[in-house]
Amino acid sequence: MSESTGVLLTHRTRPLSRKVRKVSLKVLFYISLALISVPVLFVFYWMVLTSFKDGTQATAFPPLFLFQATLKNYQDVIGKTPLLTYVFNSLVVALGATGLGLVLGLPAAYSVAKFSQGKLAIVVLIARMAPGVSYLIPWFILFSRIGLVDTYAALILTHLILTLPMTMWIMIPFFEDLPHEIEEAALIDGCTWYGIFWRVAVPLTVPGIVASAILSIIFSWNNFAFALILGGDRTRTVPVAVFSFMTFEGVNWGGVAAAATLICVPVILLALVIQRYLVAGLTLGSIKG
Amino acid sequence: MQAERSLASDRKRPSSGLVDFLDRHARWVLPAPAAIAIVLLCVFPVAYTLYMSFHDWSGSRLLAPQFVGLKNYLDIFLTDDRFHESLVRTAIFTTGALALQLVLGLALSLLFNREFFGRGLLRTLYLLPFVATPAAIALIWMMMYSPPVGVLNYLLSLIGVSGQEWAYGQSQALWALLIVDTWEYTPVIMLICLAGLAALPSDPYESAQIDGANSWQQFWYITLPLLRPTIAVAALFRAIDAIKTFDIIYVMTQGGPGYASETLNIYVFFSAFQYLRFGYSSALLVIFFTIILAVCLVIIKLRREAQTANE
């Protein structure tokens, strides 16, 4: 190694400067890390901070970093607005779309993995590629005709566009990795493909199922555009609700910040549980996190 | 396939004829419900959009859609300035987002690819921007951007920079949105690149060290070429999403002030659900979809080239 002689030499002659260089590199590393991390986290810090400010504190300039905190925004948002109803709506839609996504997606993913039906998986990509508005126009026309606008059914069906591809693409690699011996043994014992799927494949891939379910819930909970058009007063979901807080109540920033905090907390907690699978979910399994 | 068939004939047959029939055709029965759902929910709307793009219709129950041939497309390409401007904005926004986020995300992944104190915790915190509900976060950015009372103009004043209009001003709105998008998605690129870095072989680096390559040369001649397929995947998914950015733009500016931040997706949305021009909007969507498809094909082609170059 040509470098090793150099290292030896400098080490003998100038031990101090080498150490200084090493330490300063480390300092530089931590400074650049801090420079990037502060903006990433500041937004959340400011959101939570503002949620504890009263009306005048929230619009004070220069902005307040230290102040008498109040819980009034949270009390108002929960007590005086129907936020909890909207949370319930979002939960119904997210759980419905996730459940339906699993019921349809798991057998399909298993089939793609076992019978090498890659083409079916590719077709699902269309769902990821097409702009949401291109679904919204036909659905809106169809759903207004049959009176489905502003129903849970409409939102659950459309959120299936988010949850079904997600479930399939997360689960295909899980099913592909199942050891063949177990399935072959079950086949010889006279088990049908459905028996193997339900009694062998599903129990062995529970971690993947949990990951795809949680990812589905997160994406459904966060979806804004579908609920904006196909939802209504009875089925308003939280992202649409928080947007209407802002437009109707003007600039009650403290209230908006409190509502935003309440909405983000559940998805953030869920995301922490499955952080290993997040990247796979976002790239439809083409990169494993 | 061969093994499956011989296994299937060897084993004991289930007694019922129907169960037996279903089992022999499991490869069609298992994926059928999902396939039907996708046809109804995705393929049908895309086909319907194509059909509607040759018609003129305002959603009225009394007046049926009128067939107008290529008129919508001709109008869009020849006379619709709002389309042309939104197309340019979409191109600026998407290429800006891709370039900024790929460079920053790759740099971040290199920082995170070594051991340091608090690495796991920080990596977890970096998940927050893209899992937090975009509509909610967009409002927080509007609060921080507010020119008279926002914290960003205050922070700028501390370092002697005069206040900016951010998303509230015509000239800066698109860039202000680009900042939010970059904040939200750079960590995604970082995580994808980190996964790619973790999978790289160590032999090339060992021989490079023997040859005396410095760390910059190692990055430029080994890491970057080997990572190109990963970067291509990151670029593919980011491009698809950046082109279609909707939530933050709709919540923050609704394409305004004026039309200053109206991208193609936002224009199509208003054209359909504010002006109720369903035929015209469908034609816009067909063009939009074609653009997305073209971008995907280009990136997939680049990825193939990167992979063959590595082999």
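Residue positions are given per chain, counted from 1 along the sequence in the order it is written. Numbering of ligands from 1 and lettering of chains from A proceed in the order in which they are written. A pLDDT threshold of at least 70 governs which residues receive local features in this predicted model, and a stricter bar of 80 or more applies before side-chain atom pairs are shown or counted, although totals over entire chains, interfaces and linings include all residues.

Caption draft 1: Representation of the overall build of chain B in the model. The helix and strand labels rest on DSSP assignments: H or I over at least four residues marks a helix, E over at least two residues marks a strand, and numbering proceeds from the N terminus. Along chain B, the regular secondary structure elements total 16 helices and two strands. For chain B, whose C-alpha radius of gyration is 26 Å, the value lies well above the compact-globule estimate of 19 Å for 311 residues. By principal-axis analysis of the C-alpha atoms, chain B measures approximately 85 × 75 × 35 Å. Counting other C-beta atoms within 10 Å of a residue's own tells you its class, since 20 or more makes it buried, 12 or fewer makes it exposed, and anything in between is partly exposed; those C-beta atoms are placed from the backbone. Per-residue burial over chain B gives 37% buried out of 311 residues. By the convention adopted here, residues are in contact when the distance between their C-beta atoms, placed from the backbone, does not exceed 7 Å. Put simply, of all contacts in chain B between residues at least 6 apart along the chain, 69% involve residues at least 24 apart. For the radius of gyration, the atom set is restricted to C-alpha positions; the globular benchmark scales as 2.2 Å times the number of residues to the power 0.38.

Caption draft 2: Looking closely at the overall build of chain A. The secondary structure content of chain A amounts to 15 helices and zero strands. Its C-alpha radius of gyration of 26 Å places chain A more than 25% over the 19 Å reference for a compact globule of 289 residues. In chain A, buried positions account for 47% of the 289 residues. Long-range contacts, defined here as pairs at least 24 residues apart, represent 76% of the contacts in chain A between residues at least 6 apart.

Caption draft 3: Spotlight on the interface of chain A and chain B. In this complex, chain A contributes 86 residues to the contact, which on the side of chain B involves 77 residues. When residues in the side of chain A that touches chain B are grouped by element, the largest group, 12 residues, is from helix α2 (residues 15-51) of chain A. Basically, the charged four are Asp, Glu, Lys and Arg, the nonpolar ten are Ala, Val, Leu, Ile, Met, Phe, Trp, Tyr, Cys and Pro, and anything else, Gly included, counts as polar. Residue classes in the side of chain A that touches chain B are distributed as 65 nonpolar, 17 polar and four charged.

Caption draft 4: Layout of the nonpolar core. Ranked by size, the top nonpolar core spans 164 residues in total, and within it Val242 and Ala260 of chain A together with Ile140 of chain B carry the most contacts. Of all the elements, helix α8 (residues 152-176) of chain A adds the most residues to this core, at 16 residues. Setting aside chain neighbours within four positions, we find isoleucine 140 of chain B in contact with Val43, Trp46, Met47, Ala257 and Ala260 of chain A. To count as a nonpolar core, a set of buried Ala, Val, Leu, Ile, Met, Phe, Trp, Tyr and Cys residues must be joined through C-beta atoms within 7 Å.

Caption draft 5: Molecular detail of the environment of isoleucine 192 of chain B. Its place among the elements puts isoleucine 192 of chain B in helix α11 (residues 173-198). With 27 C-beta atoms counted inside 10 Å, the residue isoleucine 192 of chain B sits in the buried group.

Caption draft 6: Main features of the packing of α8 of chain A against helix α4 (residues 32-52) of chain B. It is at 10 Å that the axes of α8 of chain A and α4 of chain B come closest, and there the two elements cross at 135 degrees. Between α8 of chain A and α4 of chain B, the interaxial angle falls into the category oblique. When you trace α8 of chain A past α4 of chain B, the crossing you get is left-handed. Side by side, α8 of chain A and α4 of chain B meet where Leu157, Leu160, Ile161, Leu164 and Met168 of chain A of the first sit next to Ala34, Ala37, Ile38, Leu41 and Cys42 of chain B of the second. The convention used is that axes are lines fitted to C-alpha atoms, helices contributing only their stretch in contact, and that angles between N-to-C directions extend from 0 to 180 degrees. Small angles under 35 degrees read as roughly parallel and large ones over 145 as roughly antiparallel, with 65 to 115 read as roughly perpendicular and the rest as oblique. The crossing is said to be left-handed when, going from far helix to near helix, the turn is anticlockwise and less than a right angle, and right-handed when the turn is clockwise.

Caption draft 7: Helix α15 (residues 264-273) of chain B, seen in detail. Extensive coverage of α15 of chain B is indicated by the burial of eight of its 10 residues. Listed as buried for α15 of chain B are Leu264, Asn265, Ile266, Tyr267, Val268, Phe269, Ser271 and Ala272 of chain B.

Caption draft 8: Broad picture of helix α10 (residues 193-204) of chain A. To estimate the expected span of a helix, count its residues, drop one, and scale the result by 1.5 Å. The terminal C-alpha atoms of α10 of chain A, which comprises 12 residues, lie 15 Å apart, in line with the 16 Å expected from a rise of 1.5 Å per residue. Residues Trp193, Ile196, Phe197 and Ala201 of chain A constitute the buried set of α10 of chain A. In a view along the axis of α10 of chain A, the buried residues occupy a sector of 95 degrees, so they form one face of it. Of the residues in α10 of chain A, the exposed ones pointing more than 90 degrees away from the buried face are Arg199 and Pro203 of chain A. Buried residues along α10 of chain A sit against α5 (83-114), α8 and α9 (180-188) of chain A together with α2 (17-24) and α3 (26-29) of chain B. Throughout, the arc means the angular range of directions from the helix axis out to the C-beta atoms.

Caption draft 9: Quick peek at the domain arrangement of chain A. Reported domain spans reflect what an automatic or database domain assignment gives. Assigned domains of chain A: these are domain 1 (1-37) and domain 2 (78-282). The C-alpha centroid of domain 2 of chain A is placed 49 Å from the C-alpha centroid of domain 1 of chain A.

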